[in-house]
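What the coordinates show
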Amino acid sequence: MITKFKSLSNKQVKRFVSLILIVGLGAGSSAAVFGMSNDVTITDGADVTKFRTLHNETGAVLRQAGILVDNEKDKVIRTDLANNQVEIVIKRAFTVDVFFDGEWHSYEVNDGTVADLIALHNIPAGDGFHVSVPMDEPLADGMKIVISRLIPINIVVDGETRAVSVPEGTVADALKFLKISASPDDIVSEPLDRVVEDGLSITVNRVEVKEVTEREPIPFATEVKKSDSLSRGEFKIEVAGVNGEKDVTKRIKYIDGKPSQVEVLAENVLKAPVNQVKIVGTKPNTKHRASRVSISEENGTIVDENGNVHHYSKTLTGRVTAYTACEGGSRTSTGSPVAVGRVAVDRRKIPYGTRLFVPGYGICVAADTGGALMSGRTLVDVYLNTLAECRRWGVKNCKVYVLAD
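Below, the structure is looked at part by part. What you see is a predicted model; the values in this text were computed from it and never measured.

Attention shifts here to the overall build of the protein chain. Helix and strand counts for the protein chain stand at six helices and 25 strands. Burial statistics for the protein chain: of 405 residues in total, 32% are counted as buried. Pairs at least 24 apart in sequence give 55% of the contacts found in the protein chain among residues at least 6 apart.

All right, on to the environment of D111 then. Mapped onto the fold, D111 is located in the loop between β6 (103-109) and α3 (114-120). C-alpha separation for the pair D111 and L139, spaced 28 residues apart in sequence, amounts to 6.3 Å. If sequence neighbours within four positions are ignored, D111 has contacts with K75, K91, F94 and L139. Within polar-contact distance, the side chain of D111 engages the side chain of K91 at 2.8 Å.

As a further point, take unusual backbone geometry. Look at D101: it is not a glycine, yet its phi comes out positive at around 55 degrees. Within the fold, D101 resides in the loop between β5 (94-100) and β6.

Below, the discussion takes up the side chain of D381. Mapped onto the fold, D381 is located in strand β24 (residues 380-383). Buried charge without a salt bridge: D381, with R319 as the nearest opposite-charge side chain at an N-O distance of 7.8 Å. Here A322 takes part through its backbone nitrogen, which lies 3.1 Å from a polar atom of the side chain of D381. Residues contacting D381, with those up to four places away along its chain left out, are T321, A322, Y323, V343, A344 and L373.

A few words on the sheet that holds strand β17 (residues 276-283). An order of β13-β17-β14 is seen for the three strands of this open sheet, with the pairing classed as mixed. Of all strands in the sheet, those bounded by a partner on one side alone are β13 (222-231) and β14 (235-239). On average, adjacent strands in this sheet sit at an angle of 35 degrees to one another, irrespective of strand direction. Looking at chain direction, β14 and β17 are connected through four bridges and run antiparallel.

Turning to the pattern of salt bridges, a few remarks are in order. Evaluated as defined, the whole model comprises 24 salt bridges. The partner of K144 in a salt bridge is D97, with the nearest N and O atoms 3.0 Å apart. Of this pair, K144 sits in strand β8 (residues 144-157) while D97 is found in strand β5, placing the two residues 47 residues apart along the sequence. For R206, the salt bridge is made with D158, and the minimal N-O distance between the two is 2.9 Å. You can see R206 sitting in the loop between β11 (201-205) and β12 (207-218) and its partner D158 sitting in the loop between β8 and β9 (160-167), a full 48 residues away along the chain. According to the relative accessible area criterion, R206 is partly exposed, its value standing at 22%.

Across a sheet, paired strands are connected by hydrogen bonds in the backbone, their directions being either parallel or antiparallel. Judged by pairing direction, the sheet is mixed, and its four strands sit side by side in the order β2-β1-β4-β3 without closing on themselves. Here the strands that pair on one side only, and so sit at the sheet edges, are β2 (47-53) and β3 (75-80). Recorded for the sheet is a direction-independent mean angle of 15 degrees between the axes of neighbouring strands. Across six bridges, strand β1 (residues 38-44) lies against strand β4 (residues 85-91) in parallel orientation. Bridged to I42 within β4 is I88. Together, β1, β2, β3 and β4 form the strand contacts of helix α2 (residues 58-65), whose direction differs from that of β2 by roughly 110 degrees.

Considering the arrangement of structural elements, one finds I237 in strand β14. Its relative accessible area of 39% is what places I237 among the partly exposed residues. For I237 and V224, which are 13 residues apart along the polypeptide, the C-alpha to C-alpha distance reads 9.4 Å. Setting aside residues up to four positions removed in sequence, I237 forms contacts with Q276, V277 and K278.

Note that strand β22 (residues 355-358) and strand β23 (residues 362-368) share four bridges and pair antiparallel. Within β23, the residue paired with V358 across the bridge is G362. In terms of strand pairing, β22 meets strand β25 (residues 396-403) through two bridges, oriented antiparallel. The residue of β25 that forms the bridge with L356 is V402.

Approximately 930 Å³ is the volume attributed to the largest pocket. For the lining of the largest pocket, the secondary structure elements donating two or more residues are β13, β14, β17, β22 and β23. Here the lining of the largest pocket takes four residues from β23, the largest share from any one element. Grouping the amino acids of the lining of the largest pocket by side-chain chemistry returns 16 nonpolar, 10 polar and six charged. Computed from the structure, the second largest pocket encloses a volume of approximately 660 Å³. Forming the walls of the second largest pocket are 23 residues, and the residues nearest its centre are E214, K250, V262, R347 and Y352.

Moving on, we come to α2. If you check which residues of α2 are buried, you get G59, A60, V61 and L62. On its buried side, α2 packs onto β1, β2, β3 and β4. One side-chain oxygen at the N-terminal end of α2 lies 2.8 Å from the backbone nitrogen of G59; it belongs to E57.

The rules behind the values
Residues numbered from 1 in each chain as written. Predicted model: local features only at pLDDT ≥ 70, side-chain atom pairs only at ≥ 80, totals over all residues. Heavy atoms only, no water. Helix = DSSP H or I, 4+ residues; strand = E, 2+ residues; numbered from the N terminus. Buried < 20%, exposed > 50% of the residue type's maximum accessible area, 1.4 Å probe, protein only. Contact = heavy atoms within 4.5 Å. Polar contact = N/O pair within 3.5 Å; in protein donor to acceptor, adjacent residues only side chain to side chain. Lys, Arg positive; Asp, Glu negative; His and termini not counted. Salt bridge = Lys/Arg side-chain N within 4 Å of Asp/Glu carboxyl O. Pairing = 2+ DSSP bridges. Axes fitted to C-alpha atoms, helices over the stretch in contact; angles between N-to-C directions. 1 Å grid on protein atoms, 1.4 Å probe; cavity = no way out; pocket = protein on both sides within 12 Å on 5 of 7 lines; lining within 4 Å. Points joined across faces, edges and corners; volume = space filled by probe spheres on them. Nonpolar A, V, L, I, M, F, W, Y, C, P; charged D, E, K, R; others polar.

Quick look at the structure:
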């Protein structure tokens, strides 16, 4: 089917053409405006602003966003990307304080690390110096950095001697830098507020206090009775002595693991000792009787001057000395009065209460100790009544027999 269009008048044609031209021009203008705009992202610290603008100049863009910058101090970094994308980063100026050469210095920065600041301003921080903040640490507002000269010192702690270098400061600062903790009870050889200097030696002694309860023997005493039924120089034991027992509560102070001070807090007697009764002869000798001691290492026996047989379990060889008391009423470390027959020992080798036979001295019991004994220099220190007897005894190196009976 054929449709015929009615012909248009000239006036109608002109109106139609004008309408087409107006629509075309409007679309072209919109496209031009869209093509001239930018999508902007502004980062100002933690604040991020995004918007579209017809402005291209950075200052105008910031003003449109209402963001003020100090052109002399703040740093503005602009990056133009594809598709009219613009990124602007504002790095505000801030202050960092650095201590060196004995005084504080302030620097205004926008970014970077501690290493960057030191390099930029030629601050002395090479070998022989310590920087209080890691070199790769980012700079931050209000940061304080201390640069100190390193001081060589010696430190003795926990059984180890070390040559180390520490920043300028006090002994307390040096221990903190070395991560050495010292409790209020520990002993530091130098005052904590002393300023460290080249070659200073610092010793830290670890102190520990413990309360312990130990069971200890109570050595028996010896009662002497005189009898004219025995000749002079002869004696016999009427009642055998028996050690008692007690629990002793002590407060012990250890320095570097070694006991240095003992305080007895309480004693509880569990079993009282039985005193030995010794009969000593007073009858004058009518004839000389040679007395001697016989020791059989094959049988492990000792026959004393009275013919009594004693069995021994082992022998110890070492230095045997003699001591006496300067004043009356002196007591041994176990609490018993000093007396002939009670000797001092190295109690790590010979426990208190152990019965011994010392050639030239006789049967005795371990009841005391002393510095020379605990150091290991002396094995036994026998007690004698006078200084003259001690001098006659002198120093002997001999076997000491540990009795089994």
